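In case you want the letters, here they are:
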Amino acid sequence: MAKLVRQHRFVLTLSGHVLGDGTGYLASVDDHGRVVHQMMSNYQHRELGGEGYLRLLELEPDGRTMHVRTYSPWYDQYLTAADQDFTIELDVG
């Protein structure tokens, strides 16, 4: 994965289905000097197969600012920990 992301002009990658605590984030620089944001989310380890949690990605009109939130329509609630609710700036330009 590192070779693929590093060599191409990605600004964001999303993945899942990795066991552990369910979330991961990495910002790294590619071979072109641009920041690539890599996000992993997997909630299936939670009760009831994930409790309906999913990632919501909201891109602001500037095309750069992305708000990341984790929401469950089942419970109608958001997770508010720092790794579940954060903002990133995409390196587009």
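Structure first, text after, so check above.
Residues numbered from 1 in each chain as written. Predicted model: local features only at pLDDT ≥ 70, side-chain atom pairs only at ≥ 80, totals over all residues. Heavy atoms only, no water.

Draft legend 1. Quick look at a nonpolar patch on the surface. Together, Leu48, Trp74 and Tyr75 line one region of the surface with nonpolar side chains, adding up to about 350 Å² of accessible area. With respect to the helices and strands, Leu48 occurs in the loop between β3 (35-41) and β4 (54-59). (Patch = residues over 30% accessible without salt bridge, like charges linked within 9 Å, V, L, I, M, F, W, Y side chains within 5 Å. Areas by Shrake-Rupley, 256 points an atom, 1.4 Å probe, with all protein chains shown as cover. Salt bridge = Lys/Arg side-chain N within 4 Å of Asp/Glu carboxyl O. Helix = DSSP H or I, 4+ residues; strand = E, 2+ residues; numbered from the N terminus.)

Draft legend 2. Broad picture of the pairing of strand β2 (residues 23-29). Where β2 meets β3, seven bridges bridge the pair, whose relative direction is antiparallel. Paired with Val29 across the two strands is Val35, which belongs to β3. Hairpin remark: β2 followed by β3, antiparallel, with five residues in the connecting loop; positive phi at Gly33, about 85°. (Pairing = 2+ DSSP bridges.)

Draft legend 3. How the structure looks around unusual backbone geometry. Positioned with a positive phi, Glu51 is a non-glycine residue whose angle comes to about 55°. Examined against the element boundaries, Glu51 turns out to sit in the loop between β3 and β4. For Glu51, a relative accessible area of 10% gives the class buried. Located in the positive-phi region is Asp76, a residue other than glycine, with phi close to 50°. You can call Asp76 exposed: its relative accessible area is 56%. (Buried < 20%, exposed > 50% of the residue type's maximum accessible area, 1.4 Å probe, protein only.)

Draft legend 4. Geometry of the pattern of salt bridges. Throughout the structure, instances matching the rule amount to one salt bridge. Taking the shortest distance from any N to any O, the salt bridge between Glu51 and Arg46 comes out at 2.7 Å.

Draft legend 5. Structural context of the sheet that holds β3. Across the sheet, three strands lie side by side as β1-β3-β2; this open sheet has mixed pairing. Of all the strands in the sheet, the pair left with one neighbour each is β1 (12-15) and β2. When the angles between neighbouring strand axes are averaged without regard to direction, this sheet yields 15°. In the sheet, β1 pairs with β3 via four bridges, with the strands oriented parallel. Across the sheet, residue Thr13 finds its bridge partner in β3, namely Gln38. (Axes fitted to C-alpha atoms, helices over the stretch in contact; angles between N-to-C directions.)

Draft legend 6. Main features of the packing of aromatic side chains. Taken as a whole, this structure holds five aromatic pairs when the rule is applied. For the pair Trp74 and Tyr75, a centre-to-centre distance of 6.1 Å together with 35° between the ring planes defines the contact as tilted. Owing to a relative accessible area of 34%, Tyr75 belongs among the partly exposed residues under this scheme. These aromatic residues form a ring-pair network of at least three members: Tyr43, Tyr53, Trp74 and Tyr75. (Phe/Tyr/Trp six-rings, centres within 6.5 Å; stacked < 30°, edge-to-face > 60°.)

Draft legend 7. Quick peek at the environment of Lys3. Tracing the backbone through its elements, the reader meets Lys3 in helix α1 (residues 2-7). On the basis of relative accessible area, Lys3 is assigned to the exposed category, the value being 59%. Spatially, the C-alpha atom of Lys3 lies 26 Å from that of Phe86, the residues being 83 residues apart in sequence.

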